[in-house]
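Listed below, chain by chain, are the residues.
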Amino acid sequence: MAVSHALDIHSQLNYFNEAVQRIEKTVGATQASEIVKNALFLVSIGTNDMLINFYDVPIRALEYSIDDYQNLLLQQLESLIKNLYGAGARRIVVAGLPPIGCLPMQVTLGSIIPSFHMFERICVYQQNIDSQLYNNKLQALTSRLQAEYNGTRVLYVDIYNPLMDMIKNPRHYGFKHALQACCGTGLVEMGPLCNARVPTCSDPSRYIFWDSVHPTQAAYRVIANLCNQNVLPQLVG
């Protein structure tokens, strides 16, 4: 997490609890409870953990098998959801992993590892299999929690398949570049390495990825539209 500067789960929960306390001071405990109850909580966990801690800087790979590490992440996720439920959350949406092996960063690293596909820009097959395995486990977890928490919606959001379809059929979505990002060389730059001093492409809407890890606004729009169609009706139904 230190590499990506992402807040850990504990810190995020603390900030959430502080926000709830401020809301209570403003509108009172009863109204604050209703606000939390009717709010939509979007949870996305796992991509940085797999990408940075297991694949690229394989600290966790020295301690855990891929199966055990995924189970550890899912245990942490379940604990987070339980904490949110305890705080009054009743509409929780959990995003699955993307096809990590198709992120431009991983495609680049995969192309320099000695193999039959060395120097080819193709998705890293095993990492995508790992993502699918995690997502299968995550779907089972959200289904179980949905059944356990009466009156609560705990829903899984599929990121993998929509993003993979964009990568396989970029022109169908108006994209020209599938495995190269808009920022810098499009091969390795991500996060803070994409800044005002780094050149970017002239038309990000033609790219699936903004940097070597994160999709562009155009790609996120496709995913958001699918969520509007497939997920939101379940939250309000």
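So, here is what we can say about the structure in this document. Only a predicted model underlies this, so the values are computations on that prediction, with no experimental measurement involved.

1. Things to note about the state of the cysteines
Item 1. Counted by the stated rule, this structure contains 3 disulfides.
Item 2. For Cys 102, the disulfide goes to Cys 123, at an S-S distance of 2.0 Å. The sign of the 115 degrees torsion about the S-S bond sets the Cys 102-Cys 123 disulfide as right-handed. Highlighted residues: Cys 102 in the loop between strand 2 (91–95) and helix 5 (104–111) and Cys 123 in the loop between helix 5 and helix 6 (125–148), separated in sequence by 21 residues.

2. Remarks on the environment of Ser 202
Item 1. Among the secondary structure elements, Ser 202 is positioned in the loop between helix 7 (160–168) and helix 8 (217–230).
Item 2. Given a relative accessible area of 81%, Ser 202 falls into the exposed group.
Item 3. Separated by 103 residues in the primary sequence, Ser 202 and Pro 99 have C-alpha atoms spaced 26 Å apart.

3. A word on the nonpolar core
Grouped burial of nonpolar side chains is what soluble globular proteins tend to show.
Item 1. Core analysis: the largest hydrophobic core is formed by 59 residues, its most contacted members being Leu 77, Leu 84 and Ile 208.
Item 2. Ranked by the residues each element gives to this core, the list is headed by helix 4 (residues 66–86), at 7 residues.
Item 3. Non-local contacts of Leu 77, meaning those with residues more than four positions away in its chain, are made with Val 43, Ile 45, Val 94, Tyr 134, Leu 138 and Leu 141.

4. Regarding the environment of Asn 135
Item 1. Along the chain, Asn 135 turns up in helix 6.
Item 2. For Asn 135, a relative accessible area of 4% corresponds to the buried category.
Item 3. Separated by 124 residues in the primary sequence, Asn 135 and Ser 11 have C-alpha atoms spaced 25 Å apart.
Item 4. Aside from chain neighbours lying at most four places away, what touches Asn 135 is Gly 96, Leu 97, Tyr 156 and Tyr 160.

5. Some thoughts on the side chain of Asp 211
Item 1. The residue Asp 211 is located in the loop between helix 7 and helix 8 in this model.
Item 2. In this structure, Asp 211 is buried with no salt-bridge partner, the nearest side chain bearing the opposite charge being Arg 121 at 11 Å.
Item 3. Here the side chain of Asp 211 touches Gly 191 through a polar contact of 3.0 Å, landing on its backbone nitrogen.
Item 4. Here the side chain of Asp 211 touches His 214 through a polar contact of 2.6 Å, landing on its backbone nitrogen.
Item 5. For Asp 211, the residues in contact, after removing those within four places along its chain, are Pro 104, Ala 181, Cys 183, Glu 189, Met 190, Gly 191 and Cys 194.

6. Observations regarding the pairing of strand 1 (residues 41–44)
Item 1. Side chains Phe 41 and Val 43 project from strand 1 onto a buried face, and the interleaved Leu 42 and Ser 44 project onto a face without burial.
Item 2. Pairing geometry for strand 1 and strand 2, over 4 bridges, is parallel. When the sheet's bridge partners are listed, Phe 41 is paired in strand 2 with Ile 92.

7. Here we look at the packing of aromatic side chains
Item 1. Under the criterion given, the structure shown has 5 aromatic pairs.
Item 2. Relative to Tyr 69, the ring of Tyr 64 has its centre 5.9 Å away and its plane inclined at 35 degrees; by these criteria the two rings are tilted.
Item 3. The exposure class assigned to Tyr 69 is buried, which follows from its relative accessible area of 2%.
Item 4. Counting every residue linked through ring pairs, the aromatic cluster contains Phe 54, Tyr 55, Tyr 64 and Tyr 69.
Item 5. Its guanidinium or amino end placed over the ring of Tyr 85, Arg 90 lies 4.0 Å from that ring's centre, counting from NZ or CZ.

The rules we used
Residues numbered from 1 in each chain as written. Predicted model: local features only at pLDDT ≥ 70, side-chain atom pairs only at ≥ 80, totals over all residues. Heavy atoms only, no water. Disulfide = S-S within 2.5 Å. Helix = DSSP H or I, 4+ residues; strand = E, 2+ residues; numbered from the N terminus. Buried < 20%, exposed > 50% of the residue type's maximum accessible area, 1.4 Å probe, protein only. Core = buried A, V, L, I, M, F, W, Y, C linked by side-chain atoms within 4.5 Å. Contact = heavy atoms within 4.5 Å. Lys, Arg positive; Asp, Glu negative; His and termini not counted. Salt bridge = Lys/Arg side-chain N within 4 Å of Asp/Glu carboxyl O. Polar contact = N/O pair within 3.5 Å; in protein donor to acceptor, adjacent residues only side chain to side chain. Pairing = 2+ DSSP bridges. Phe/Tyr/Trp six-rings, centres within 6.5 Å; stacked < 30°, edge-to-face > 60°. Lys NZ or Arg CZ within 6 Å of the ring centre and 35° of its normal.

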